[in-house]
Amino acid sequence: MQTQFNKSAKKMKARYHCSVPGCLYFNGSERFFAEKKLLNQHIVKVHAEKKYSCGKCTKSFGLDSLRKLHEKTCGIEWKCTCGVKYSSRESLLTHARRTQHRLPDHIINPDKM
């Protein structure tokens, strides 16, 4: 892990870089994490051994909690009001944001149901 400091800022802000060569966040890259916990989260999600497999599909995860979160919506088809279908809620939300399509409240805020 490499840390750089922005000396021109009034408050010293750390820049945390990934130590895995070839990573978009590798030292020397313009991309970085502002907090160490975000770097650690990145390492677990992207670079850690994926030893927890979904029972419904072929995806694997570095943390069992991420597998459980994935399995809650695995296999669900997400459909935009324009008719385009997606396999993940996140992909549908990205599509709707980019195309400025309106989605029902139960898709935007699923916790409020």
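Residues numbered from 1 in each chain as written. Predicted model: local features only at pLDDT ≥ 70, side-chain atom pairs only at ≥ 80, totals over all residues. Heavy atoms only, no water.

Going by an unreviewed UniProt entry, the protein carries the name ATM interactor and comes from Araneus ventricosus.

Caption draft 1: Up close: the overall build of the protein. A tally of regular secondary structure across the protein gives four helices and six strands. Along the protein, helices (α) and strands (β) appear in the sequence β-β-α-β-β-α-β-β-α-α when read from the amino end. Classification of the 113 residues of the protein by burial places 21% in the buried group. Taking the contacts inside the protein whose residues are at least 6 apart along the sequence as the reference set, 7% of them involve residues at least 24 apart. With the model as given, the accessible surface of the protein reaches about 8,800 Å², and the carbon-plus-sulfur share is 50%. (Helix = DSSP H or I, 4+ residues; strand = E, 2+ residues; numbered from the N terminus. Buried < 20%, exposed > 50% of the residue type's maximum accessible area, 1.4 Å probe, protein only. Contact = heavy atoms within 4.5 Å. Areas by Shrake-Rupley, 256 points an atom, 1.4 Å probe, with all protein chains shown as cover.)

Caption draft 2: Structural context of helix α3 (residues 89–99). When α3 is considered as a whole, its buried residues turn out to be Arg-89, Leu-92, His-95 and Ala-96. All buried residues of α3 lie within an arc of 125 degrees about the axis, which places them on one face of the element. Exposed and facing more than 90 degrees away from the buried side of α3 are Glu-90, Arg-97 and Arg-98. Packed against the buried residues of α3 are β5 (78–79), β6 (85–86) and α4 (105–108). Just downstream of α3, Gln-100 is the residue with a positive phi angle, here 60 degrees. (Arc of directions from axis to C-beta.)

Caption draft 3: Broad picture of unusual backbone geometry. A positive phi angle, close to 60 degrees, is found at Gln-100, a residue other than glycine. You can see Gln-100 is positioned in the loop between α3 and α4.

Caption draft 4: Expanded view of the pattern of salt bridges. Taken as a whole, this structure holds five salt bridges when the rule is applied. One salt bridge in this structure joins Lys-37 and Glu-35, with 3.8 Å as the shortest N-O distance. On the accessibility criterion, Lys-37 (58% relative accessible area) is exposed. For Glu-35, a relative accessible area of 39% gives the class partly exposed. Glu-77 is the salt-bridge partner of Lys-85, the closest N and O atoms lying 4.0 Å from each other. Overall, Glu-77 belongs to the exposed group, its relative accessible area being 52%. (Salt bridge = Lys/Arg side-chain N within 4 Å of Asp/Glu carboxyl O.)

Caption draft 5: Expanded view of the UniProt feature "domain: ASCIZ forth C2H2 zinc finger" (unreviewed entry) in the protein. Mapped onto this numbering, the UniProt entry gives "domain: ASCIZ forth C2H2 zinc finger" (unreviewed entry) at residues 78–104. Along residues 78–104, the helical share is 41% and the strand share 15%, with 12 Å between the first and last C-alpha atoms. (UniProt positions renumbered as here; feature names shortened; annotations may be inferred.)

Caption draft 6: Fine view of the UniProt feature "domain: ASCIZ first and second C2H2 zinc finger" (unreviewed entry) in the protein. Taken from the UniProt record, the annotation "domain: ASCIZ first and second C2H2 zinc finger" (unreviewed entry) applies to residues 16–50. Between the first and last C-alpha atoms of residues 16–50 the distance is 23 Å; the span itself is 34% helix and 6% strand.

Caption draft 7: Region of the structure containing the side chain of His-42. Inspection of the secondary structure puts His-42 in helix α1 (residues 36–47). Non-local contacts of His-42, meaning those with residues more than four positions away in its chain, are made with Cys-18, Cys-23, Tyr-25, Phe-33 and His-47.

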